[in-house]
Amino acid sequence: MRRRFVRNLVLLAALVGAPLAVPPSSAAPEHTAERGNVLEQTVIGKSVRGRPIVAWHLDDRPIGGRKGPTVVLVAAMHGNEGAPRQILTALRKARAIHGADLWLVPTYNPDGLAAHHRRNAHGVDLNRNYPYHWVDLDGNYESGAHAGSEPETKAMMRFLGRVEPDYVLSFHQPLHGVDTDNKRPGFSRKVAHTLRLPATTLDCGGVCHGTMTGWFNHNFDGFALTVEYGAHPPKRLMRAVAPRQVLRIFRAFGSFGGR
């Protein structure tokens, strides 16, 4: 109860702004080759330059009556770390997902991606801008004028506050490992083992200030985890192998096209 109360207080600043618009579903989703298994597409906010930040909600088909966990997957928080977007694209294009309620945010920092730049169009590292252990940082890790100053940060805070996922996986590059120095080290080691990545400590050389995972883990009952791939992961890993591995983490599976 206390965590929910604190979370609501923290979200107040983010909630002052454009509400998260999720169109109601009056009919069953149309499953086409282009839409894959998409239940709905939502613009959770806009970047500094006005580019939409899109979330895809996939159709969860229960396994034996068991509804799977709600999971948010986030890629391209840093615009020069775009390879893991392919994992989310492959999941979106799958014919069906069984056993997990997935939300995909494949391009969290669209301005940075367009410029192939780590930071957003204000020059802010979005993963140093969250209101948890925020400090005033400069240079490559510029943390913004104040905690939660960036539109992308506000959009993600609103979105996660609405969805309240059980798990968040935030995909990055190029450190090649899964952080296990967190509140769920056992689950983190499971993720590392399933993804065939090293279990490691991603502590930013001391304390990670203003990160999305730190903010989420402090304010929500769910669990957010940083997953780092290498600088140049193979296309087959991103497009064929990793999507299936991600589903296995949550005891889920997908029906994918191709031979």
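Right above here is the structure, for reference.
Residues numbered from 1 in each chain as written. Predicted model: local features only at pLDDT ≥ 70, side-chain atom pairs only at ≥ 80, totals over all residues. Heavy atoms only, no water.

Asks: Sorry if this is basic, but what is going on with the overall build of the protein chain here?
Replies: When its secondary structure is counted, the protein chain shows 7 helices and 11 strands. Expressed as a percentage of the 259 residues in the protein chain, the buried residues total 51%. In the protein chain, 70% of the contacts between residues at least 6 apart in sequence involve partners at least 24 apart. With an accessible surface of roughly 11900 Å², the protein chain has 53% of that area assigned to carbon and sulfur atoms. (Helix = DSSP H or I, 4+ residues; strand = E, 2+ residues; numbered from the N terminus. Buried < 20%, exposed > 50% of the residue type's maximum accessible area, 1.4 Å probe, protein only. Contact = heavy atoms within 4.5 Å. Areas by Shrake-Rupley, 256 points an atom, 1.4 Å probe, with all protein chains shown as cover.)

Asks: Even after reading the chapter, I still don't get the layout of surface pockets, so can you show me in this structure?
Replies: What the largest pocket holds in volume is close to 810 Å³. As for the largest pocket, its lining consists of 33 residues, and the residues nearest its centre are D179, L202, C204, C208 and T211. Those elements giving two or more residues to the lining of the largest pocket turn out to be helix 6 (212-219) and strand 10 (223-228). Each residue belonging to the lining of the largest pocket can be placed in one class, and the counts come to 10 nonpolar, 15 polar and 8 charged. (1 Å grid on protein atoms, 1.4 Å probe; cavity = no way out; pocket = protein on both sides within 12 Å on 5 of 7 lines; lining within 4 Å. Points joined across faces, edges and corners; volume = space filled by probe spheres on them. Nonpolar A, V, L, I, M, F, W, Y, C, P; charged D, E, K, R; others polar.)

Asks: Sorry, what's going on with the packing of aromatic side chains here?
Replies: Centre-to-centre distance and the angle between the planes together describe a pair of aromatic rings. One pass over the full model with this rule turns up 9 aromatic pairs. Seen from their ring centres, W103 and F159 are 5.4 Å apart, and the 75° between their planes marks the pair as edge-to-face. Taken together, the residues W103 in strand 6 (residues 101-105) and F159 in helix 4 (residues 151-163) connect sequence positions 56 residues apart. Across this residue pair, the class does not change: W103 and F159 are buried. Seen in terms of ring centroids, F216 and F220 are 4.5 Å apart; in terms of plane orientation they differ by 5°. Their pairing is stacked. Here F216 falls in the buried class, since its relative accessible area comes to 0%. Each residue in the set Y130, W215, F216 and F220 is aromatic and connected to the rest through ring pairs, giving one cluster. The ring of W56 carries the charged tip of R92 above its face, separated from the ring centre by 4.5 Å. Sitting over the face of the ring of F256, R244 holds its NZ or CZ atom 4.3 Å from the ring centroid. (Phe/Tyr/Trp six-rings, centres within 6.5 Å; stacked < 30°, edge-to-face > 60°. Lys NZ or Arg CZ within 6 Å of the ring centre and 35° of its normal.)

Asks: What's the story with a positive patch on the surface in this structure? I'm lost.
Replies: A cluster of basic residues, R196, R236, R244 and R248, forms a positive patch on the protein surface. Mapped onto the secondary structure, R244 falls in helix 7 (residues 235-249). (Patch = residues over 30% accessible without salt bridge, like charges linked within 9 Å, V, L, I, M, F, W, Y side chains within 5 Å. Salt bridge = Lys/Arg side-chain N within 4 Å of Asp/Glu carboxyl O. Lys, Arg positive; Asp, Glu negative; His and termini not counted. Charge placed at Lys NZ, Arg CZ, Asp CG, Glu CD.)

Asks: Teacher, can you tell me more about the packing of helix 2 (residues 85-93) against helix 7 here?
Replies: Pairs of packed helices are described in terms of their axes, by the angle between the two and the distance that separates them. Here helix 2 crosses helix 7 at 65°, and the two axes come no closer than 8 Å. As for the relative orientation of helix 2 and helix 7, their crossing is right-handed in sense. Of the residues in helix 7, those touching helix 2 at Q86, I87, A90 and L91 are K235, M238, R239, A242, P243, V246 and L247. (Axes fitted to C-alpha atoms, helices over the stretch in contact; angles between N-to-C directions. Left-handed = near helix turned anticlockwise from the far one by under 90°.)

Asks: I'm lost on the pattern of salt bridges in this one. Help?
Replies: Once the charged atoms of two side chains with opposite charge are near each other, the side chains can pair. One pass over the full model with this rule turns up 6 salt bridges. Linking K67 and D60 is a salt bridge whose minimum nitrogen-to-oxygen distance equals 3.8 Å. Under the relative-accessibility criterion, K67 is labelled exposed at 55%. The salt bridge partner of K67 is D101, with a shortest N-O separation of 3.8 Å. With a gap of 34 residues between them, K67 in the loop between strand 3 (60-61) and strand 4 (70-74) and D101 in strand 6 connect regions that are remote in the sequence. Connected through salt bridges with shared partners, the residues D60, K67 and D101 form a single ionic network.

Asks: I tried to follow helix 6 on my own but got confused; where do I start?
Replies: What sets the pattern is the α-helix's 3.6 residues per turn: residues three or four places apart point alike. Extensive coverage of helix 6 is indicated by the burial of 7 of its 8 residues. The set of residues buried in helix 6 consists of M212, T213, G214, W215, F216, N217 and N219. Where helix 6 begins, the side chain of T211 points an oxygen toward the backbone nitrogen of G214, at a separation of 3.0 Å. (Polar contact = N/O pair within 3.5 Å; in protein donor to acceptor, adjacent residues only side chain to side chain.)

Asks: Looking at this structure, I do not really get the packing of helix 5 (residues 185-195) against helix 7. What am I missing?
Replies: At their nearest, the axes of helix 5 and helix 7 sit 9 Å apart, and the two run at 150° to each other. In terms of axis orientation, helix 5 runs roughly antiparallel to helix 7. The hand of the helix 5/helix 7 crossing is right-handed. Each of F187, K190, V191, T194 and L195 in helix 5 lies in contact with helix 7, whose residues at this interface are Q245, V246, R248 and I249. Of the residues contributing to the contact of helix 5 with helix 7, the split by class is 5 nonpolar, 2 polar and 2 charged. (Parallel < 35°, antiparallel > 145°, perpendicular 65-115°, else oblique.)

Shape is all these values report; function is a separate question.
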